[in-house]
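# Notes for the structure review
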Amino acid sequence: MMESLAISLVNAVPVLSGVPLWTITLLIMVMVAAVVLTFALTYSGLATYVERKVAGDIQARVGPNRVGPVGILQFLADGIKLLLKEDIIPAKADRFLFVLAPYLVFVGSFAAFVVVPFGVGLIASDLNIGIYYVMAITSLVVVGVMLAGWSSNNKWALLGGMRAAAQIVSYEIPVGMALLPAVLIAGSLSLQDIVRSQGGLFGIFGWNLFHNPFTFLSFFLYYVAALAETNRTPFDIPEAESELVSGYHVEYSGIRFAFFFLAEYGDMFVVSALATACFLGGWHVPFLDAEALPALWGNLFSLGVFLGKTLSLVVLMMWIRWTLPRLRVDQLMRVAWKYLVPLTFFNLLGVSLWLLLFHGKGIPQMIASLFG
Amino acid sequence: MEPILFIVFGAIAVGGAIMVVTRRHPMSSALFLILTLFAVAALFVLRQAHFLAAIQVIVYAGAVVVLFIFVIMLINVPENKLPLERLTGFRFLGIMVAGLFILEAALVARRFATPGTPTADSGSVEAVGRALFTDYLLAFEVTSVLLLAAVIGAIALAKKRI
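Residues numbered from 1 in each chain as written. Chains lettered and ligands numbered in written order. Predicted model: local features only at pLDDT ≥ 70, side-chain atom pairs only at ≥ 80, totals over all residues. Heavy atoms only, no water.

If you check the domain split of chain B, you get domain 1 (1-82) and domain 2 (118-162). With centres defined by C-alpha atoms, the gap from domain 1 of chain B to domain 2 of chain B works out at 22 Å. (Domains from an automatic or database assignment.)

Here it is in structure tokens:
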């Protein structure tokens, strides 16, 4: 994709024809990556502010309100504070791994942004294995979290790291299984194709959420399991501040701590974006087809719709965090292995049977065909 | 471009594998194993087998090695109590087996010196699925039975009362 972009760029600007093609391709890749990373970091910063505001609202207090209008620049102040803080590496820590761990978590979380289908044609790299790429690259996060816990040489951090590893590995299974119905319906692993398969029928009844009862359940199973994979309350056992101080990143300070913090918000976005793309129709909205709009407007409109849906799911996660109490470790594992895993397998079987019996048609499509 | 990348990732994979067996601390070994697995996944990508690359990372780097690290963390042997391994008979045997394996791999590589150029969909989900459920169905099913036996065995060993 990047290469074809480079070729069309060379054709448009003849001055560039002397430059080797792969340098231009590489430059475009770097630029696209920079744009995606800038977006991701700005989003993460603002999300920390929104989280604090939501927390404030739910606890009947004001929340940050000093820096900038209604405190919206709070995240910049926090960022500067974290940058200027002293960087402490514990004396007995494994220095190399201690330094490496936050980068692994950060990379694993933000590399997933590459395949998020932000809108019509707005995807950094439309991999044909999109969903599996996300699951593969986010496995770096587990490794990073475990290394952080182990290399700190601190019992709380070690416990937090082990809990996190057990939790993420367990919940990876229901997450993957709950996403597969969308893959089955679209017949493709590419997120862009999955979103396209949900168009038509007034823009809302084409969504996989309403395709059949199994996919409806699948969305909720995915959201719950994904919540656990991002280590957020009610599944934040790895951090559980009342028992583990703050879990695997207890020894981190300054900018290294910020990496963990930002990665958590990056994870939330990726998880919500996957839910939006696989079940909530991506950029499709009722009565307006973004792909039929003039080029630039279509792109911008679809971007707005996609971000609207995704960020709503992110705010829902914050809402859940400040409302529900935390599960116990044994309850957490029971939820994963005794309920979520069997249910998602059952769902997968149900969706497969449905597609086989009704030739891939969903309930809305069948109702629509009744009326000709 | 592709041959250069092949050499780079191949070198990382081999170098990582050597580090896995030579490091003293098990944690370093596990991490180098992850590096090797990622490099092999990159080699898969170079051969257009994107699906295999993703599965490689999900299953091995994301699950198997994570369990290794989990065990290493649970046991958590202090640095000064790690056993110092010497060159024993087993090691000589291991080196001999490794040599035999390299010889075998070289022979196979010679036989398929010019592999077919992969097309865009030769490594796709559809192609892999079709191959698994037609040509290699028996091997596929036998492997799944083997895995099932391993799972039952693990439970039988770990649980005192069933």
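Our next topic: the packing of helix H7 (residues 155-186) of chain A against helix H11 (residues 254-279) of chain A. Residue and element names in this part refer to chain A. Interaxial distance between H7 and H11 falls to 9 Å at its minimum, and their mutual angle equals 35°. In the packing of H7 onto H11, the handedness of the crossing is left-handed. Counted together, Ala178, Leu179 and Ala182 of H7 and Leu274, Cys278 and Phe279 of H11 form the full contact between these two elements. Taken together, the residues that form the contact of H7 with H11 break down as six nonpolar, no polar and no charged. (Axes fitted to C-alpha atoms, helices over the stretch in contact; angles between N-to-C directions. Helix = DSSP H or I, 4+ residues; strand = E, 2+ residues; numbered from the N terminus. Left-handed = near helix turned anticlockwise from the far one by under 90°. Contact = heavy atoms within 4.5 Å. Nonpolar A, V, L, I, M, F, W, Y, C, P; charged D, E, K, R; others polar.)

Turning next to the nonpolar core. In terms of nonpolar packing, the biggest core is built from 117 residues, with Ile131, Tyr132 and Tyr222 of chain A together with Met27 and Ile69 of chain B touching the most fellow members. By residue number, the principal contributor to this core is H11 of chain A, which donates 15 residues. Excluding residues within four positions of it along the chain, Tyr132 of chain A makes contact with Leu180 and Leu189 of chain A together with Phe51, Ala54, Ile55 and Ile58 of chain B. (Core = buried A, V, L, I, M, F, W, Y, C linked by side-chain atoms within 4.5 Å. Buried < 20%, exposed > 50% of the residue type's maximum accessible area, 1.4 Å probe, protein only.)

Going through the model one piece at a time under the given rule, you end up with five salt bridges over all chains. A salt bridge links Arg321 of chain A to Glu51 of chain A; its shortest N-O distance comes to 3.6 Å. Highlighted residues: Arg321 of chain A in helix H12 (residues 295-321) and Glu51 of chain A in helix H2 (residues 21-58), separated in sequence by 270 residues. By relative accessible area, Glu51 of chain A is classed as buried at 3%. Across the pair Glu126 of chain B and Arg130 of chain B runs a salt bridge, and its minimum N-O distance is 3.2 Å. With a gap of four residues between them, Glu126 of chain B and Arg130 of chain B both fall in helix H5 (residues 125-133), about one helical turn apart. Each member of the pair, Glu126 of chain B as well as Arg130 of chain B, carries the same accessibility label: exposed. (Salt bridge = Lys/Arg side-chain N within 4 Å of Asp/Glu carboxyl O.)

This paragraph deals with the packing of aromatic side chains. All names here are of chain A. Under the defined criterion, the tally for this structure stands at 26 aromatic pairs over all chains. Ring centres 5.3 Å apart and planes at 65° place the aromatic pair Phe216 and Phe220 in the edge-to-face group. One end of the pair is Phe216 and the other is Phe220, both in helix H9 (residues 213-229) and four residues apart, which spans about a single turn. Judged by its relative accessible area of 41%, Phe220 falls in the partly exposed class. The ring of Trp156 has Lys155 lying over it, and the distance from NZ or CZ to the ring centre is 5.2 Å. (Phe/Tyr/Trp six-rings, centres within 6.5 Å; stacked < 30°, edge-to-face > 60°. Lys NZ or Arg CZ within 6 Å of the ring centre and 35° of its normal.)

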